[in-house]
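As a plain string of letters, each chain reads:
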Amino acid sequence: MTASDRTPEMAKRERIIREMTDDLDEELEMELDDSRLDETGTLRPTVDRRLYFRELLRLQGELVKLQDWVQSEKKKVVVLFEGRDSAGKGGVIKRITQRLNPRICRVAALPAPSERERSQWYFQRYVAHLPAGGEMVLFDRSWYNRAGVERVMGFCSEDQYQEFFKTVPEFERMLIRSGIILVKYWFSITDDEQQFRFSMRIRDPLKQWKLSPMDVEARSRWEQYTKAKETMLEHTHLPDSPWWIVDAVDKKRARLNCIAHLLSQIPYQEVARVPVVLPPRVRNPDYHRGPVPPEMYVPAKY
């Protein structure tokens, strides 16, 4: 079939298919990025690729329904993602937010506290990032920094550490009483797996920025972090705000399992949408589009 044989409807359909394929390529790019520089030379066994993509797209479709419900019902959702460095928190967060509206679902990844913030009530800087009605906030690390990195690295005193465990249960109950849906995830990986992922970051110039001096120091304190995690879970795994452990050694399975579980924790329903009808284009015969100077265009190198 030549180009002249195609009807406008056929051309439109081909354009739609190209757009949808391009959209899926974004996820493919991230998956290729995950598999680069495998030091063994072969990819380790994981969930079947076709099954992974099929389930991921299905789950992302459900996340869109969840987003619509949160916005429609003015719900407030907070999800905490905790775990060791390189445990895969960021990868799951990317897949959750990938097809959602950033005005409704946003990520809070706070830097180290400033001098002023260190003098505040500990939870104060986190409260500023809590959602309003119709919003979801995903915390890439949260107030549990005090029970983890601050404890292990000596950034807080013993009194501050013990006060945290006294305060956090009531703080989370206050959030829940205010109408916030709170879900807490801990991403669990093995000692060997963290060693492997760190070595990949060292080899990969596109990911070396992910290895901070704090991450490198954390490698030598594996057991201290383990003890801190166990103490944290003992004190803060509560009936009204429990911890959920994600086995994150296999990244793909971890993503699917975490997203599926998150959807199961929120009683969302599909919201009926009003059909969108584009109005006819209004054309003014007196309007003439002016020329754009060639030097204003970005050079077409590709």
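Let us look at the structure shown here.

About the cut-offs
- Every chain is numbered independently, its residues counted from 1 as its sequence is written.
- Local features are withheld for residues below a pLDDT of 70 in this predicted model, meaning they are given only at 70 or higher, and side-chain atom pairs are given and counted only at 80 or more; totals for whole chains, interfaces and linings count all residues.
- Only hydrogens and water are removed before side-chain values are computed, so all heavy atoms of the structure are retained for them.
- Each salt bridge in this description consists of a side-chain nitrogen of Lys or Arg and a carboxyl oxygen of Asp or Glu lying within 4 Å of one another.
- Only DSSP runs of H or I covering at least 4 residues are called helices, and only runs of E covering at least 2 are called strands; the numbering of each starts at the N terminus.
- Two strands are counted as paired when DSSP detects at least two bridges linking them.
- Each axis is a line fitted through C-alpha atoms, and for a helix only the stretch in contact is used; angles between axes span 0 to 180 degrees, taken between their N-to-C directions.
- Pairs of residues are marked as contacts when any of their non-hydrogen atoms sit within 4.5 Å.
- Only protein chains enter the accessibility calculation, which uses a 1.4 Å probe; a residue whose area is less than 20% of its type maximum is buried, one above 50% is exposed, and one in between is partly exposed.

1. Considering the pattern of salt bridges
Phase 1: For the structure on display, the rule yields 19 salt bridges.
Phase 2: The salt bridge involving Arg273 is made with Asp68; its shortest N-O contact spans 2.5 Å. One end of the pair, Arg273, is in the segment after α11 (251-264); the other, Asp68, is in helix α2 (residues 49-73), and 205 residues separate them in sequence.
Phase 3: Of the charged contacts, one joins Arg106 and Glu135 as a salt bridge, the two residues approaching to 3.3 Å between their closest N and O atoms. Residue Arg106 is located in strand β2 (residues 105-108), and its partner Glu135 is located in strand β3 (residues 135-140); the two are separated by 29 residues in the primary sequence.
Phase 4: Taken together, the salt bridges that share partners define one network made up of Glu170, Arg173, Arg177 and Asp240.

2. Side note on the sheet that holds strand β4 (residues 180-188)
Phase 1: Reading across the sheet, the five strands line up as β2-β3-β1-β4-β5 and stay open at both edges, with parallel pairing between neighbours. The sheet is open, and its two borders are formed by β2 and β5 (243-247), each paired with just one other strand. The sheet shows a mean angle of 25 degrees between the axes of neighbouring strands, direction not considered.
Phase 2: Bridge count for β4 against β5 is five bridges, and the pairing is parallel. Among the inter-strand pairings, Ser188 is bridged to a residue of β5, identified as Asp247.
Phase 3: Together, β1 (76-83), β2, β3 and β4 form the strand contacts of helix α3 (residues 89-97), whose direction differs from that of β1 by roughly 155 degrees.

3. Structural notes on the pairing of β3
Phase 1: Most of β3 is tucked away: five of the six residues are buried.
Phase 2: Bridging between β1 and β3 involves six bridges; their strand directions are parallel. Across the sheet, Val79 pairs through a bridge with Leu138, a residue of β3.

4. Remarks on unusual backbone geometry
Phase 1: For Lys74, which is not glycine, the phi torsion reads 55 degrees and is therefore positive.
Phase 2: Position of Lys74 among the secondary structure elements: in the loop between α2 and β1.
Phase 3: Its relative accessible area of 56% is what places Lys74 among the exposed residues.
Phase 4: One non-glycine residue with positive phi stands out, namely Arg141, at about 75 degrees.
Phase 5: Along the chain, the position of Arg141 falls in the loop between β3 and α6 (149-153).
Phase 6: On the basis of relative accessible area, Arg141 is assigned to the partly exposed category, the value being 25%.

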